[in-house]
Amino acid sequence: QVQLVESGGGVVRAGGSLRLSCAASGMIFSINAMGWYRLAPGKQRELVAVITNGGTTNYADSVKGRFTISRDNAKNTVYLQMLSLKPEDTAVYYCNADITRRGYIIGQIYWGQGTQVTVSS
């Protein structure tokens, strides 16, 4: 099986920073795109940032210039560095990854369990 385990959430004041990590483990053959989503109360799930296995990135307009997504392919880990946090960034952050398991030729999407980020004003 495959697991994604997130860490790094917490409570921070507006203007502060946090760094989220998400490590994939298990019977992994390859990992394609990895990304971060967030879900805030009363809102729809939102794509925050995505990074391909080649390093191409894409961001939601609301986080451009403040958040940076990166990955360490040797560690099967994706990161989200969040700077200049705002109260509206408060949400549960989920990582996901398009992973092909060993012995398979088609990948599927896996999700982490989520980590809470709370930004106080």
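Residues numbered from 1 in each chain as written. Predicted model: local features only at pLDDT ≥ 70, side-chain atom pairs only at ≥ 80, totals over all residues. Heavy atoms only, no water.

Engineer: Go over the overall build of the protein, please, and point to the residues and values.
Structural biologist: When helices and strands are counted, the protein shows zero helices and eleven strands. For the protein, the N- to C-terminal ordering of α and β elements is β-β-β-β-β-β-β-β-β-β-β. In terms of C-alpha radius of gyration, the protein reaches 14 Å, essentially the compact-globule figure of 14 Å for 121 residues. Overall size of the protein, expressed as C-alpha extent along the three principal axes, is 50 × 25 × 25 Å. Residue burial in the protein is summarised as follows: out of 121 residues, 40% are buried. Summed over its atoms, the accessible surface of the protein is roughly 6600 Å², and 50% of this surface lies on carbon and sulfur atoms. With 12 positive and 7 negative side-chain charges, the protein shows a separation of 4 Å between the mean positions of the two kinds. (Helix = DSSP H or I, 4+ residues; strand = E, 2+ residues; numbered from the N terminus. Rg over C-alpha atoms; globule rule 2.2 N^0.38 Å. Buried < 20%, exposed > 50% of the residue type's maximum accessible area, 1.4 Å probe, protein only. Areas by Shrake-Rupley, 256 points an atom, 1.4 Å probe, with all protein chains shown as cover. Lys, Arg positive; Asp, Glu negative; His and termini not counted. Charge placed at Lys NZ, Arg CZ, Asp CG, Glu CD.)

Engineer: Give a detailed account of the sheet that holds strand β3 (residues 18-26), specifying residues and quantitative values.
Structural biologist: With antiparallel pairing, four strands are arranged side by side in an open sheet as β1-β3-β8-β7. Only two strands of the sheet have a single neighbouring strand rather than two, namely β1 (2-7) and β7 (67-72). Averaged over all adjacent pairs, the angle separating strand axes in this sheet is 15°, with direction ignored. Two elements, β1 and β3, share six bridges in a ladder whose sense is antiparallel. Looking across to β3, one finds that Leu4 is bridged to Ala24. (Pairing = 2+ DSSP bridges. Axes fitted to C-alpha atoms, helices over the stretch in contact; angles between N-to-C directions.)

Spatial relationships are all this shows, so hold off on functional conclusions.
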